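Coordinate analysis (summary)
This is what each chain is made of:
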Amino acid sequence: MGQMEVNAETLARRILPLLPQDGTPVLNRVMRVMLSRQLEIQIEPDLYFGARDLLLQTGKIGRSRGQSGQIFLAALNGSQPAAVEPALPAEPWPEARLMQPLRIYLEGAFRRGLDLPADSTSLVQDSSAKGPAKGLWARPDFILVSAMRFKFMPGAQVDVHSFELKTETGCSVLAVHEALAQTRFTHFGHLVWHLPERSRSEARLAEIEDHCDEHGIGLIRMRDPLASEGCEILADPVRKSTLPMAVEGFLETRLSAVQKDSLARVVRGKS
Amino acid sequence: MAGKLIAVANMKGGVGKTTTVVSLAEALAADDSNVSVLVVDLDPQASASVCLAGDDLLFEMIKDDKTLDAFLDERLIKQEKTKLNSKIHKAVSATYHAGSPLKISLLPCGLDLRFVEREIIYNLTKKSFFTKGIEGQMWKQFNQEFLSLGKIYDYVIFDCPPRISTLSEVAIRASDLVIIPTIPDFISAYGLAAFVKFFWEKEMFGQTPKRLPHILITRLLTTVRQHKRVAARLEEAAAKGESPVIRLFRTRVPQAAKLADALSTMDDESSFKERYPTYSRKYGDMTLMLGQLAQEVKGVLNGI
């Protein structure tokens, strides 16, 4: 391809096919290099950001801010990314991008699987950035708290699940122990592993599953973050006899006032 | 200002020619964002080409006949009016620095160069050209096409193969500066004198290289006594003006994993960031050394 004149519109058309179809974000500076190499001209920042803004305005791409900024192919209907080419060798999903699919799963299929009574309550909280800054393995990525009262027995039951999320290449036996360590504050520990079909990391699956079984940690395999049925429970967790005082202190620091009030109302039978 | 032609050559293989070409091209481009650099790969192994373009882009260029061997084939064998500039991939660099991709272009080489060179010699021999005539044809092409690239690019860097091909011989003799990367060990230094004598004492079309040979010590291991001794011996020879007369760069290129990694960041397993690194991330603690080398090369070319 030889020298050519490009404007924001033509450049915008070039950006879209270069973005990964699975929605993996690409740094703005990386996209500029990719465009320069493809078009064989230096892409100046004003031209690039003009093209990017056109795509943002039309909703074809999304952006994430931060160091350098990133863009990604936008979802077509707000929940699913644009047409996914199956079996394409995709870029590994970073943990930050897996958080939202995991939240959707926990609030949907996982919660339904708990089969909670109608007068119960449950909440899902991103706890990855909450808790002591220096606490080792004290910040599960998500917690799910359920509260219910019994029909005949007095009192209430509160269950706290912790979820440790790992990327395709970031999971090892150590992650099982990380999930196990988090059960010093919770009742159920789960390891959630983004492990697509035919992933090279599948070689570690059997060993990790064995360790989960041995330590009573749940193992959830996230095969496809984009699919509604993309998660599969491979191992069920065993309820830990964590001291109520430890659980209480944990919830005190991880939940908002509204969430605590909601839980308290169910526990006290006021809902 | 006319662009400068730099040939990086040594008959011995494995001395760091490609590493020198790629890292020097990036260092010159990073040193001044207004500078444009063209790398011309004269080695059929295409090492510099794959380092700069990566597998996929190089495959596309070879498929589209955007290579040096395709140019020579079309121009000298098929007698077409192909322009060399049409074979250059502009803005090839995947490395980013100070807000923009590095301004590096590439004239890649494919594996066919060795066959094309043979074919050219065969065709010219059929036309009753003698060796001098064949060399003359190459010299003419070089003057017509390569020298004019100096009007477009600030620096044109030739990655010569570890042998003396007709084309690399012309590039060495016509360049403004010849850099000879050399490992400071007995074997590498052994062939240096013969290489220097061949080019600097034997004329081709009444021409020897424009400047004295500049030795660049590469893959230096300061913990190896032989390396220190040979480096000291080269320094002494350069200082005393012993025959064959050489110049020695003050910059020493160490044996460093970071340099090896820098040339192999475009594999399929790497992330987007790793495939399109920033210059400082790519070279890490080697950036200071490369900056010094770029300054030194500029100093030599500007007669400082």
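Below you will find a few notes about this structure. (Residues numbered from 1 in each chain as written. Chains lettered and ligands numbered in written order. Predicted model: local features only at pLDDT ≥ 70, side-chain atom pairs only at ≥ 80, totals over all residues.)

**Regarding the overall build of chain B**
If you tally the helices and strands in chain B, you get 13 helices and nine strands. Counting only contacts in chain B whose residues sit at least 6 apart along the sequence, the fraction spanning at least 24 positions is 78%. (Helix = DSSP H or I, 4+ residues; strand = E, 2+ residues; numbered from the N terminus. Contact = placed C-beta atoms within 7 Å.)

**Some words on the sheet that holds strand β3 (residues 70-73) of chain A**
Either a parallel or an antiparallel arrangement is found when strands of a sheet pair, and the pairing is made through backbone hydrogen bonds. Residue and element names in this part refer to chain A. Read from one edge of the open sheet, three strands run β1-β3-β2, paired in antiparallel fashion. With partners counted over all chains shown, the strands left at the sheet margins are β1 (26-27) and β2 (61-64), one partner each. Note that β1 and β3 share two bridges and pair antiparallel. Bridge pairing in β3 places valine 26 opposite isoleucine 71. (Pairing = 2+ DSSP bridges.)

**Observations regarding the interface of chain A and chain B**
Counting residues at the interface gives 14 residues for chain A, matched by 15 residues for chain B. Among the secondary structure elements, those contributing two or more residues to the side of chain A that touches chain B are β1 and α2 (28-39) of chain A. Sort the elements by how many residues they give to the side of chain A that touches chain B and α2(A) lands first, with six residues.

**Some words on the sheet that holds strand β8 (residues 218-222) of chain A**
Residue and element names in this part refer to chain A. One open sheet holds the six strands; their spatial order is β4-β5-β6-β7-β8-β9, and the pairing between them is mixed. Each of the sheet's edge strands pairs with one partner strand only, and the pair in question is β4 (121-126) and β9 (231-235). For this sheet, the mean inter-axis angle between neighbouring strands, taken without regard to orientation, is 20 degrees. Relative to strand β6 (residues 156-166), strand β5 (residues 142-149) runs antiparallel, the two sharing eight bridges. For alanine 147, the partnering residue across the bridge sits in β6 and is valine 158. (Axes fitted to C-alpha atoms, helices over the stretch in contact; angles between N-to-C directions.)

**Some thoughts on the packing of helix α1 (residues 8-18) of chain A against helix α3 (residues 45-57) of chain A**
Packed helices, taken two at a time, are described by the angle between their axes plus the distance between the axes. Residue and element names in this part refer to chain A. Packing of α1 against α3 leaves a shortest axis separation of 8 Å and a crossing angle of 70 degrees. The angle between α1 and α3 places the two elements in the roughly perpendicular class. Crossing of α1 over α3 shows right-handed handedness. Listed contacts from α3 to Ala8, Glu9, Leu11, Ala12 and Ile15 of α1 are Leu47, Tyr48, Gly50, Ala51, Arg52, Leu54 and Leu55. (Parallel < 35°, antiparallel > 145°, perpendicular 65-115°, else oblique. Left-handed = near helix turned anticlockwise from the far one by under 90°.)

**Notes on the nonpolar core**
Counting residues in hydrophobic clusters, the biggest one holds 104 residues, and the most contacted among them are Ala25(B), Val37(B), Val39(B) and Ile157(B). Of the residues forming this core, the biggest block, nine residues, is contributed by helix α2 (residues 47-63) of chain B. Ignoring any residue separated from it by four or fewer positions in sequence, one finds Ile157(B) in contact with Ile6(B), Val8(B), Val21(B), Leu24(B), Ala25(B), Val37(B) and Val39(B). Phe110(A), Phe163(A), Leu165(A) and Cys231(A) belong to the second largest nonpolar core, which has 33 residues in total. (Core = buried A, V, L, I, M, F, W, Y, C linked by C-beta atoms within 7 Å. Buried ≥ 20, exposed ≤ 12 C-beta atoms within 10 Å, placed from the backbone.)

**As for the environment of Gln144(B)**
Residue and element names in this part refer to chain B. Structurally, the position occupied by glutamine 144 is in helix α5 (residues 131-149). In this structure glutamine 144 comes out as exposed when scored by C-beta crowding, with 11 C-beta atoms within 10 Å. Separated by 60 residues in sequence, glutamine 144 and leucine 84 place their C-alpha atoms 9.6 Å apart.

**Here we look at unusual backbone geometry**
All names here are of chain B. Of the consecutive residues serine 243 and proline 244, the connecting peptide bond is found in the cis state with omega at -10 degrees. On the secondary structure map, proline 244 appears in the loop between α9 (225-240) and β9 (247-254). In this structure, glutamine 79 takes a positive phi of about 60 degrees despite not being glycine. Positionally, glutamine 79 belongs in the loop between α3 (68-77) and β3 (96-97).

**Looking at the packing of helix α1 (residues 17-31) of chain B against α2(B)**
Residues and elements named next belong to chain B. Interhelical geometry of α1 versus α2 gives an angle of 40 degrees and a closest axis separation of 9 Å. Of the two elements, α1 crosses α2, and the hand of that crossing is right-handed. Residues Thr18, Val21 and Val22 of α1 form the contact with α2, whose participating residues are Ser47, Ala48, Cys51 and Leu52. Of the residues assigned to the contact of α1 with α2, the class counts are five nonpolar, two polar and no charged. (Nonpolar A, V, L, I, M, F, W, Y, C, P; charged D, E, K, R; others polar.)

**Concerning the environment of Ile152(B)**
All names here are of chain B. Mapped onto the elements of the fold, isoleucine 152 is located in the loop between α5 and β6 (155-159). Given 14 C-beta atoms within a 10 Å radius, isoleucine 152 is considered partly exposed. For the pair formed by isoleucine 152 and serine 36, sequence separation is 116 residues and the distance between their alpha carbons is 8.2 Å.

**As for the environment of Thr251(B)**
Residue and element names in this part refer to chain B. Topologically, threonine 251 is positioned in strand β9. Judged by C-beta crowding, with 17 C-beta atoms within 10 Å, threonine 251 ranks as partly exposed. The sequence separation of threonine 251 and alanine 294 amounts to 43 residues, and the corresponding C-alpha distance is 9.5 Å. Residue contacts for threonine 251: discarding those within four places in its chain leaves Met289, Gln292, Leu293 and Glu296.

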